[in-house]
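Inside the fold
The residues making up each chain are set out below.
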Amino acid sequence: MFEASVIKMGSRYYIYPPKRYQDKIARLHGKKVKILLVCEKGNS
């Protein structure tokens, strides 16, 4: 589990994970994954 930034570009939203997780996520390229999204109030 990690915190990520959500960025809007045009009409799409992108999730940017911390650098230390990018290699792990890169290995999943082309595979379907499930994302559990948790929003904490008061944290923008």
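Rules used in this analysis
- Chains are numbered independently. Their residues run from 1 in the order of the written sequence.
- Confidence filtering applies because this is a predicted model: local features only for residues at pLDDT of at least 70, side-chain atom pairs given and counted only at 80 or more, and all residues used for totals across whole chains, interfaces and linings.
- By convention in this description, side-chain values take in all heavy atoms of the structure and omit both hydrogens and water.
- Secondary structure is summarised from DSSP: a helix means a run of H or I of at least four residues, a strand means a run of E of at least two, and numbering begins at the N terminus for each.
- The rule is simple: take the accessible area with a 1.4 Å probe, protein chains only, and divide by the maximum for that residue type; under 20% is buried, over 50% is exposed, in between is partly exposed.
- For accessible areas, the Shrake-Rupley method is used with a probe of radius 1.4 Å. Any residue's cover is judged against the shown protein chains and nothing else.
- Paired strands, in this sense, are two strands between which DSSP finds at least two bridges.
- By definition, no residue in a patch forms a salt bridge, and every one has over 30% relative accessible area; like charges are joined within 9 Å, nonpolar side chains (Val, Leu, Ile, Met, Phe, Trp, Tyr) within 5 Å.
- Whenever a carboxyl oxygen of Asp or Glu lies within 4 Å of a side-chain nitrogen of Lys or Arg, that contact is scored as a salt bridge.

Digging into the overall build of the protein chain
Helices and strands together make up the secondary structure of the protein chain, namely one helix and two strands. Listing each helix as α and each strand as β along the protein chain from the N terminus yields β-β-α. A buried classification covers 5% of the 44 residues belonging to the protein chain. For the protein chain, the exposed surface amounts to about 5,000 Å²; the carbon and sulfur share of it is 55%.

Examining the pairing of strand β1 (residues 5-9)
Bridge count for β1 against strand β2 (residues 12-16) is five bridges, and the pairing is antiparallel. Pairing of Ile 7 across the sheet is with Tyr 14, part of β2.

Some thoughts on a nonpolar patch on the surface
On the surface, Val 6, Tyr 13, Ile 15, Leu 28, Val 33, Ile 35 and Leu 37 cluster together to form a nonpolar patch covering roughly 740 Å² of accessible area. Mapping Val 33 onto the fold places it in the segment after α1 (19-26).

Digging into the environment of Val 6
Tracing the chain through its elements places Val 6 in strand β1. Considering only alpha carbons, one finds Val 6 and Ile 35, 29 residues apart in sequence, at a separation of 13 Å.

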